[in-house]
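Secondary and tertiary structure notes
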Amino acid sequence: MKIVCLVKQVPRGDAIRFDEETKSLVREGVPLELNAFDAYAVAHAARLRDAHGGEVVAMTMGPPQAEEALRVALALGADRCIHLSDRLFALADTLGTSRTLALAIGKEGADLVLCGRKTLDSETWQVPPEVAAFLGFPHLTNALSVEVEDTVIRARRFGDEGEEVYEVELPALCSVALPPEDAAIDVKGIDGEIAVWSASDLVSDAHPNDKRFGQTGSPTRVLAVRDVSPERAQELFQDPAEAAQRTRALLAERPPPASAWDRPERLGEKPGRAFDCWSVVELVEGRPARVSLELLGKGRELSGKLGGRNVALLLGRGVDEAAREAVRRGAETVVTVDDERLRDYDPGLWADAVRQVLERERPHVLLIPATSRGRDYGPRAAGVLELGMTGDCVDLGIDRGGRLIQFKPAYGGNIVSVIMGATTPQLATVRPRMFEPLEPDDSAEGEVRAFAVEELQTGPRLVERDGSGRAFDLDEAETVLAVGAGAGDLSAVDELGRIAGELGAAIGGDRRACEAGLLPRSRQLGLLGRTVAPRLYVAVETEGDFEHAAASVKAAVIVVFKRSAAPVTGTADVAIAGDWHETLPRFVQTLAHGG
């Protein structure tokens, strides 16, 4: 069995600086490292080879210095490496990168392609599904474990409804979210076989401005880069009641962004073409997820500026009630893909259904929730149709020409790239809690029409779902309570769970807490886990490093409970010194009840 591992060298996020004068990132002197999730992929591949035979080939696309990442891949168990390096490859976006990687994999051949679930520098989740689309391989994303039996891959993955087990026939592609158990990931590079391939090694007719490669072959462009690091109050308190009062004041000073039923005036020349804005409405327990309602609220603003209608796209089975709710929440038209084959989430079926909608309806804009599902089916459909897509957006706008302006986070969320695409439909996935849903209006009226899908391409087969690790509440909660390993043992976590209930908070943990088994890995918060954007983020004895701080960049107010009375230098607005067993209950009592 030949396993190709796709890896990338990335700058260390905590070393990136932004130059306010040049409005650009300062990269000189920044340490480079192998993307952590890609290291996990190589470690998985090495174990599969050791168990089943074959070889592991690590592949990267990048400048000459990216060779060091391949040397680390060799130390992790790769047998040999391929370095794609050519000026023609420069400045590629995710689609251009995926096309080039697929060409290289096609030349090399592979039974299984493994890669990390995302890159840590640019928060890019869509490359794995897009590579699979170019290859024509079925794919799985966000895998916790990967096993192979004969010609079938069996993977357990994080899903929106908990952990899911899928089986899929080889050849296939799989992105991974965790390292193998007891794997040594922090290793130094070693020497080994590294072949360098140029564009001419992939195609016989490579030429300058070749639309298959690099910036020329990329439908999205970065217009600007901005530092959006939030200012934090960094105030230390000994008295929990005073800290609670200050927290209430800060929450009042930082209200959520407003949403309105009134549509803004159309931008651009009049008369002229009007364009609709579409949003995928995903369901949780039969109801529209909050993130989808947020997109409908934002879609009302964007469709107004486009001069068109605000359209909801619903996939599933028995979605009539959800369609009515979409209208109550701002949709002027609801397009339903009501099909028995879509009753349960299936990455292959959903991606193909969305592909058919994009091909036949040609929406001007399609917004997709940046959920486990949306990051899966959205990029796959974009890859099949070779459409530009921006992933994990934190804000959206429309220019006077009717193009979607997309704001994408990078380097832990403190840096945002402003991006515009050249293809239509314009696609973007959007993180939860970036916007506020509209208040429901029972008098709202809207058109509901059916869309009939034709034959759907199948993919992985769902064989098991375990909802016990479901963590979707972290995407919707107004308050999140983050538990650090320093908070104590499982009994302490039980107590914190009770306090979270009093706060109406969802509970998560930092990396060390989840690695120690105090909380499920699905609830890990941070750059290596999940990011959240609650109104209030309460951290109890969590790690103060860059990796965990990335979890809460978009939180309105951050409160930290710590033992030390040292001055606050991190990302907290309010810090309370002392034993959390004593300080946290008093804080919650004052915050919730005023005394």
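Before reading on, note that the structure itself is shown above.
All of these numbers come straight from a predicted model, not from anything done at the bench.

A separate point is the packing of helix α9 (residues 347-361) against helix α10 (residues 374-385). Contact geometry of α9 with α10 gives a least axis separation of 8 Å together with a crossing angle of 50°. As summarised for this structure, α9 and α10 are arranged oblique, according to the angle between their axes. Crossing hand, α9 versus α10: right-handed. Counting all contacts with α9, which are made through Pro347, Trp350, Ala351, Val354, Arg355, Leu358 and Glu359, the residues of α10 involved are Asp376, Tyr377, Arg380, Ala381, Val384 and Leu385. Partitioning the contact of α9 with α10 into residue classes produces nine nonpolar, no polar and four charged.

Sheet architecture is open: seven strands sit in the order β22-β26-β21-β16-β19-β20-β27, paired in parallel fashion. What marks the edges here is a single partner per strand, and that holds for β22 (389-393) and β27 (447-450). Direction aside, neighbouring strands of the sheet carry axes that sit 20° apart on average. Here strand β16 (residues 275-281) pairs with strand β21 (residues 365-369) via three bridges, running parallel. Across the sheet, Cys277 pairs through a bridge with Val365, a residue of β21.

Right, let's talk about the pattern of salt bridges for a bit. In total, this model carries 56 salt bridges according to the counting rule given. A salt bridge links Asp14 to Arg12; the nearest nitrogen and oxygen atoms lie 2.7 Å apart. Taking relative accessible area as the criterion, Asp14 reaches 46% and is therefore assigned partly exposed. Salt-bridge contacts for Glu108 lead to Arg80; the nearest nitrogen and oxygen are separated by 2.4 Å. Here Glu108 is found in helix α3 (residues 94-108), whereas its partner Arg80 is found in strand β7 (residues 80-84), with 28 residues between them in sequence. Overall, the relative accessible area of 17% leaves Arg80 in the buried class. Salt bridges here are not isolated pairs; linked through shared partners, they connect Lys118, Glu123, Arg375, Asp392 and Arg431.

Below, the discussion takes up the environment of Phe137. Among the secondary structure elements, Phe137 is positioned in the loop between α4 (127-135) and β9 (139-149). With 37 residues separating them along the chain, Phe137 and Cys174 place their C-alpha atoms 9.9 Å apart. Among residues more than four places away in sequence, those in contact with Phe137 are Ala110, Val113, Ala132, Pro171, Ala172, Leu173 and Arg380.

Attention now moves to empty space enclosed by the protein. With the rule as written, the count across this model stands at five cavities of 30 Å³ or more. Looking at the largest cavity, its volume works out to about 580 Å³. Arg375, Asp475, Gly529, Arg530 and Thr531 are the residues nearest the centre of the largest cavity, which is lined by 41 residues in total. Elements supplying a minimum of two residues to the lining of the largest cavity: β10 (152-159) and α11 (473-476). In terms of residue class, the lining of the largest cavity is built from 18 nonpolar, 11 polar and 12 charged. If you add up the space inside the second largest cavity, you get close to 70 Å³.

Another aspect to go through is the sheet that holds strand β31 (residues 536-540). Taken together, six strands build an open sheet; the order of strands is β15-β33-β32-β31-β29-β30 and the sheet is parallel. Each of the sheet's edge strands pairs with one partner strand only, and the pair in question is β15 (235-237) and β30 (506-509). Here the strands of the sheet are splayed against their neighbours by 20° on average, with no regard to which way each runs. Examined bridge by bridge, strand β32 (residues 557-562) and strand β33 (residues 574-577) share four bridges and lie parallel to one another. Bridge pairing in β33 links Phe561 to Ile576. Along the sheet face, helix α15 (residues 580-593) touches β29 (479-483), β31, β32 and β33 and points at about 150° away from the line of β32.

What follows is about the packing of aromatic side chains. A ring pair, where both rings are aromatic, is described by two values, the distance of the centres and the angle of the planes. As enumerated under the stated definition, the model contains six aromatic pairs in all. Their ring planes at 70° and their centres at 5.3 Å tell us that Tyr345 and Trp350 sit as a pair that is edge-to-face. When sorted by exposure, Tyr345 lands in the same class as Trp350, which is buried. Each residue in the set Tyr345, Trp350 and Tyr377 is aromatic and connected to the rest through ring pairs, giving one cluster.

Further remarks concern the environment of Gln9. Within the secondary structure, Gln9 sits in strand β2 (residues 9-11). Judged by relative accessible area, Gln9 falls into the buried class, the value being 15%. In sequence terms Gln9 and Glu321 are 312 residues apart; their C-alpha atoms lie 47 Å from each other. Contacts of Gln9, omitting those with residues within four sequence positions, involve Leu32, Glu33, Thr60, Gln65, Ala66, Glu68 and Ala69. Here the side chain of Gln9 touches Gln65 through a polar contact of 3.1 Å, landing on its backbone oxygen.

A few words now on the environment of Val553. Relative to the helices and strands, Val553 is located in the loop between α14 (546-549) and β32. Along the chain, Val553 and Ala249 lie 304 residues apart, while their C-alpha atoms are 19 Å from each other. The residues contacting Val553, other than those within four sequence positions of it, are Pro230, Arg232, Gly412, Gly413 and Asn414.

Criteria and thresholds
- Residues numbered from 1 in each chain as written.
- Predicted model: local features only at pLDDT ≥ 70, side-chain atom pairs only at ≥ 80, totals over all residues.
- Heavy atoms only, no water.
- Axes fitted to C-alpha atoms, helices over the stretch in contact; angles between N-to-C directions.
- Helix = DSSP H or I, 4+ residues; strand = E, 2+ residues; numbered from the N terminus.
- Parallel < 35°, antiparallel > 145°, perpendicular 65-115°, else oblique.
- Left-handed = near helix turned anticlockwise from the far one by under 90°.
- Contact = heavy atoms within 4.5 Å.
- Nonpolar A, V, L, I, M, F, W, Y, C, P; charged D, E, K, R; others polar.
- Pairing = 2+ DSSP bridges.
- Salt bridge = Lys/Arg side-chain N within 4 Å of Asp/Glu carboxyl O.
- Buried < 20%, exposed > 50% of the residue type's maximum accessible area, 1.4 Å probe, protein only.
- 1 Å grid on protein atoms, 1.4 Å probe; cavity = no way out; pocket = protein on both sides within 12 Å on 5 of 7 lines; lining within 4 Å.
- Points joined across faces, edges and corners; volume = space filled by probe spheres on them.
- Phe/Tyr/Trp six-rings, centres within 6.5 Å; stacked < 30°, edge-to-face > 60°.
- Polar contact = N/O pair within 3.5 Å; in protein donor to acceptor, adjacent residues only side chain to side chain.

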